[in-house]
Amino acid sequence: MDDRNVHQHVLDELAYAPMIDAAQIGVTVENGIVTLTGHVRNYAEKSIAERVALRVRGVRAVVERIEVRYPTNPSVGDEALAERCARVLEWDVQIPERSVSLKVEKGCVTLEGCVPHYHQKAAVDKALRRLAGVTDIVNLIAVKPPVQPAEVKDRIIAALRRSARDPDTIRVHVDGDTVTLDGCVDLWSERELAERAAWSAPGVRAVEDRLTLA
């Protein structure tokens, strides 16, 4: 698919997304790489715009340069925002107690710490993205491997066989806490499925996606 069609499809998909004001988002495409610019009303909308663009067929990557501008310009100071974030994490049952520390500077929340599973790291980001005052999230939380690489590989392959249309086209290599996915898939959604399967395995800290679209 050429860049002109990809550009139009991304615009259409953004306009179709109910939580996005697509009129405030600019889109450019070059060699399948989409750049998003403009401004949105909150950090959650910024994350949604990126995910929406990625699911369009023909998109190879997304460069996100969207600015968060709260419409009511809430005067949430960094100290008050840090307190809100800490309380949200404290009440989230998915996040191990006292496993995460945070720092807030001009609305940008930086997260550090260590958790056993990647889904817990992702849960921290998800828990904070809808808070008023958050302009960006830098997630530096580490995932500590609780299991052996061979067990991680077996779990990923099992997950792929349960979900992927043709799992035999995907090769999995585990080196310590890093998973490399290689091979080819028919759709971008299958590539995302493979990545989710890899990230869902306990102990995985990094996933290198080398999958190509057939």
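Heads up: the structure comes first, above all this text.
The model shown is predicted, which means the values in this text are computed figures rather than measured ones.

Participant: Quick one: what's the story with helix α1 (residues 3–16), residue by residue and with numbers?
Facilitator: Over its 14 residues, α1 runs 20 Å from end to end, which matches the ideal 20 Å to within 8%, given 1.5 Å per residue. All of the buried residues in α1 are V6, V10 and L14. What you see down the axis of α1 is that its buried residues fit within an arc of 70°, all on one side. Exposed positions of α1 whose direction lies more than 90 degrees from the buried face are R4, A15 and Y16.

Participant: Give me the lowdown on the packing of aromatic side chains, citing residues and values where you can.
Facilitator: Overall, the coordinates contain one aromatic pair when judged by the stated rule. With a centroid separation of 3.9 Å and an interplanar angle of 25°, the aromatic rings of Y118 and W199 are classed as stacked. Of this pair, Y118 sits in helix α4 (residues 118–128) while W199 sits in helix α6 (residues 188–200), placing them 81 residues apart in sequence. The lysine or arginine in question, R191, covers the ring of W188, its NZ or CZ lying 4.9 Å from the ring centre.

Participant: Break down helix α5 (residues 149–163) for me, with residues and values.
Facilitator: Because each turn of an α-helix spans 3.6 residues, side chains separated by three or four positions in sequence point in the same direction. Along its 15 residues, α5 runs 21 Å from first to last C-alpha, staying within 8% of the 21 Å computed at 1.5 Å per residue. Inspection of α5 places V152, I156, A159 and L160 among the buried residues, and these make up the whole buried set. Down the axis, α5 shows its buried residues gathered within 100° of arc, on one side only. In α5, the exposed positions angled more than 90 degrees off the buried face are occupied by A150, D154, R161 and R162. Residues of α5 that are buried make contact with β9 (170–175), β10 (178–185) and α6.

Participant: Describe the packing of helix α3 (residues 78–91) against α4, and please don't skip the residues or the numbers.
Facilitator: Running from N to C, α3 and α4 cross one another at 130°; their axes reach a closest spacing of 10 Å. One element, α3, and the other, α4, form an angle in the oblique class. Between α3 and α4 lies a crossing of right-handed hand. Seen from α3, the contacting residues are C85, V88 and L89; seen from α4, they are V124, A127 and L128. Taken together, the residues of the contact of α3 with α4 break down into six nonpolar, no polar and no charged.

Participant: So what's going on with the packing of α5 against α6? Residues and values would help.
Facilitator: Running from amino to carboxyl end, α5 crosses α6 at an angle of 145°, the nearest separation of the two axes being 9 Å. Crossing handedness for the pair α5 and α6: right-handed. Residues I156, A159, L160 and S163 of α5 touch α6, and the partners they reach there are L193, A194, A197 and A198. Class assignment for the residues of the contact of α5 with α6 results in seven nonpolar, one polar and no charged.

Rules behind the numbers
- Sequence order sets the numbering: in each chain, residues are counted from 1 along the sequence as written.
- Selection of residues for local features in this predicted model requires a pLDDT of at least 70, selection of side-chain atom pairs for listing and counting requires 80 or more, and totals for whole chains, interfaces and linings are taken over all residues.
- Note that water and hydrogens are dropped before the side-chain values are worked out from all heavy atoms of the structure.
- Strands here mean DSSP runs of E at least two residues long; helices mean DSSP runs of H or I at least four residues long; both are numbered from the N terminus.
- Multiplying 1.5 Å by the helix residue count minus one yields the expected span of that helix.
- Think of it in three bands: residues with accessible area under 20% of the maximum for their type are buried, residues over 50% are exposed, and the middle band is partly exposed, with areas taken using a 1.4 Å probe on protein chains only.
- Each C-beta atom gives one direction from the helix axis, and the arc is the one those directions make.
- Ring pairs shown here join Phe, Tyr and Trp side chains whose ring centres sit within 6.5 Å, with only the six-membered ring taken for Trp; geometry is labelled stacked below 30 degrees between planes, edge-to-face above 60, and tilted in between.
- When the NZ atom of lysine or the CZ atom of arginine is within 6 Å of a ring's centre and also within 35 degrees of its normal, the charge is said to sit over that ring.
- Residue contacts are defined here by distance: any two heavy atoms, one from each residue, within 4.5 Å place the two residues in contact.
- Only the stretch in contact is used when a helix axis is fitted, and all axes are lines through C-alpha atoms; the angle between N-to-C directions ranges over 0 to 180 degrees.
- Should an angle fall under 35 degrees it is taken as roughly parallel, and over 145 as roughly antiparallel, whereas 65 to 115 is taken as roughly perpendicular and any remaining angle as oblique.
- If you view the pair so one helix is near and one far, a crossing is left-handed when the near helix is turned anticlockwise from the far one by less than a right angle, and right-handed when it is turned clockwise.
- Side-chain classes are defined by residue name, with Ala, Val, Leu, Ile, Met, Phe, Trp, Tyr, Cys and Pro counting as nonpolar, Asp, Glu, Lys and Arg as charged, and the others, Gly among them, as polar.

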